[in-house]
Amino acid sequence: MLLATHALVASATGAQQTNLTPAGTTPGHMRIYPETQFRYYARDGQNLSELRPRVTLGISGLAAVSIESVYDFDFGWGDTRLAAKYRFHQNDSGNVDTLRAAVYSGVSVPTGAREISTDSIDPFLGVVGTWIRGRHGWNTALTAHAIGETAPRAQTPYQVEGELLHFDASYAWRVSPAQYGPDFVASSYFVLDHNLYLGGADNSEAWIAPGLLYEAPDFALELSLLLPIWQETGERPESDYGVLAGLRLLF
Amino acid sequence: MKFIPFLAALFLAACAAPTQEFSAADYSSSYTLGVQGMSCPNCANNITHELQGLPGVQVVRIDMGRGSVSVYSNSLLPPPQVLADAVKSAGFTPVIEG
């Protein structure tokens, strides 16, 4: 869950968006992009399983809005995130090459079960950049969160009161096809996400997540292994590892 | 664990690209424009969807290798600028050739 929540903020689709890092892309005009991720975190005596559904709507070629929640298999539905994203820079320099940047903002609304809700309206603001060159793609995002209250059973950095900065970076390598041809085919990627959360001495952690992404014209499949490389979680439980499986659809 | 073969079959079926017979000779008019920044299958899908919403456009063919999109019709096609605007609305940079 840790890694994951951020992706909801800004992701909203498409081009080489990796499994755990936002991208500077949006769905096309009035396209709907439902997606969900199942995540399992192995923890000392209290494993965590959750679903993260999200729906994104493309408002134009430049803007999108999204809604996302989380279903914790132990506690039920969590807080709901509402977000908007606007792409302020786009430089398409070749058939596939592009440089894009977007800003996004929104709020987390306390709609969740008492145990895992912050019981506060928590705003966030971020910026993301995407650079795609041939078979290679990079995403970088920085998001600032202001969290009003600590959830009784806080399990993620987003559930602890205070300021939280999080930095995401990812790399995607298109394994297949090596070159696009006249056929309209699916693509397979190796992806590597890095997610860093900085919320003070008792709410900071860093993760790395190698994975695979299969992207067809109208759907995508995600698979990642989530590995913690540094955790200072205070009262929150630490994780040993996690796995992620996701499905994206494009209507 | 009995569901695993079913999921595997479902995955393979989903990944199998449907083949469609297409012949440009079946259409009386066509137009091709370049597209930049079309870096993934989802991108191409966005463009296809946007162009198919235009009146007169019957078939959209994407060539990701050349970075081009062609539209075909047996009636009047929209002007090139309208096609270009649709590509832009999908989030990509159109290049009107010639």
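Definitions and limits used
- Residues numbered from 1 in each chain as written.
- Chains lettered and ligands numbered in written order.
- Predicted model: local features only at pLDDT ≥ 70, side-chain atom pairs only at ≥ 80, totals over all residues.
- Heavy atoms only, no water.
- Helix = DSSP H or I, 4+ residues; strand = E, 2+ residues; numbered from the N terminus.
- Rg over C-alpha atoms; globule rule 2.2 N^0.38 Å.
- Buried < 20%, exposed > 50% of the residue type's maximum accessible area, 1.4 Å probe, protein only.
- Contact = heavy atoms within 4.5 Å.
- Areas by Shrake-Rupley, 256 points an atom, 1.4 Å probe, with all protein chains shown as cover.
- Lys, Arg positive; Asp, Glu negative; His and termini not counted.
- Charge placed at Lys NZ, Arg CZ, Asp CG, Glu CD.
- Buried area = accessible area lost by both parts, 1.4 Å probe.
- Salt bridge = Lys/Arg side-chain N within 4 Å of Asp/Glu carboxyl O.
- Nonpolar A, V, L, I, M, F, W, Y, C, P; charged D, E, K, R; others polar.
- Phe/Tyr/Trp six-rings, centres within 6.5 Å; stacked < 30°, edge-to-face > 60°.

**Student:** Help me understand the overall build of chain A, please; the structure alone is not making it clear to me.
**Tutor:** Looking only at helices and strands, one finds 1 helix and 14 strands in chain A. Taken against the 2.2 N^0.38 rule, which gives 18 Å for 251 residues, the C-alpha radius of gyration of chain A at 17 Å falls within 12% of a compact globule. Projected onto its principal axes, the C-alpha positions of chain A cover 55 × 30 × 30 Å. Counting every position in chain A, which comprises 251 residues, the buried fraction comes to 55%. Considering only intrachain contacts with a sequence separation of at least 6, the fraction spanning at least 24 residues in chain A is 55%. Of the roughly 9,500 Å² of accessible surface on chain A, 63% is carried by carbon and sulfur atoms. In chain A, the 16 positive side-chain charges and the 27 negative ones have mean positions that sit 9 Å from each other.

**Student:** When you look at the interface of chain B and chain A in this model, what are you seeing that I'm missing?
**Tutor:** Interfaces are often sized by the amount of accessible area the parts lose when they come together. Between chain B and chain A, the contact holds 30 residues from the first and 38 residues from the second. It is B:Ser39, B:Pro41 and B:Asn42 that lose the most area in chain B upon contact with chain A, and together they represent 24% of the buried surface on that side. Across the contact surface, chain B and chain A share 0 salt bridges. Counting only elements with at least two residues in the side of chain B that touches chain A, the list comes to α1 (3-15), β1 (29-36), α2 (41-52), β2 (59-63) and α3 (80-89) of chain B. Of the residues assigned to the side of chain B that touches chain A, the class counts are 13 nonpolar, 13 polar and 4 charged.

**Student:** How should the packing of aromatic side chains be read in this particular structure?
**Tutor:** One pair of aromatic rings is described through two measures. These are the centre distance and the angle between the planes. All names here are of chain A. Counted according to the given criterion, the structure contains 11 aromatic pairs over all chains. With 5.6 Å between their ring centres and 85° between their planes, Tyr41 and Trp207 make a pair best called edge-to-face. With Tyr41 in strand β1 (residues 32-43) and Trp207 in strand β12 (residues 204-215), this pair connects stretches of sequence that are 166 residues apart. The class for Tyr41 is buried, based on a relative accessible area of 0%.

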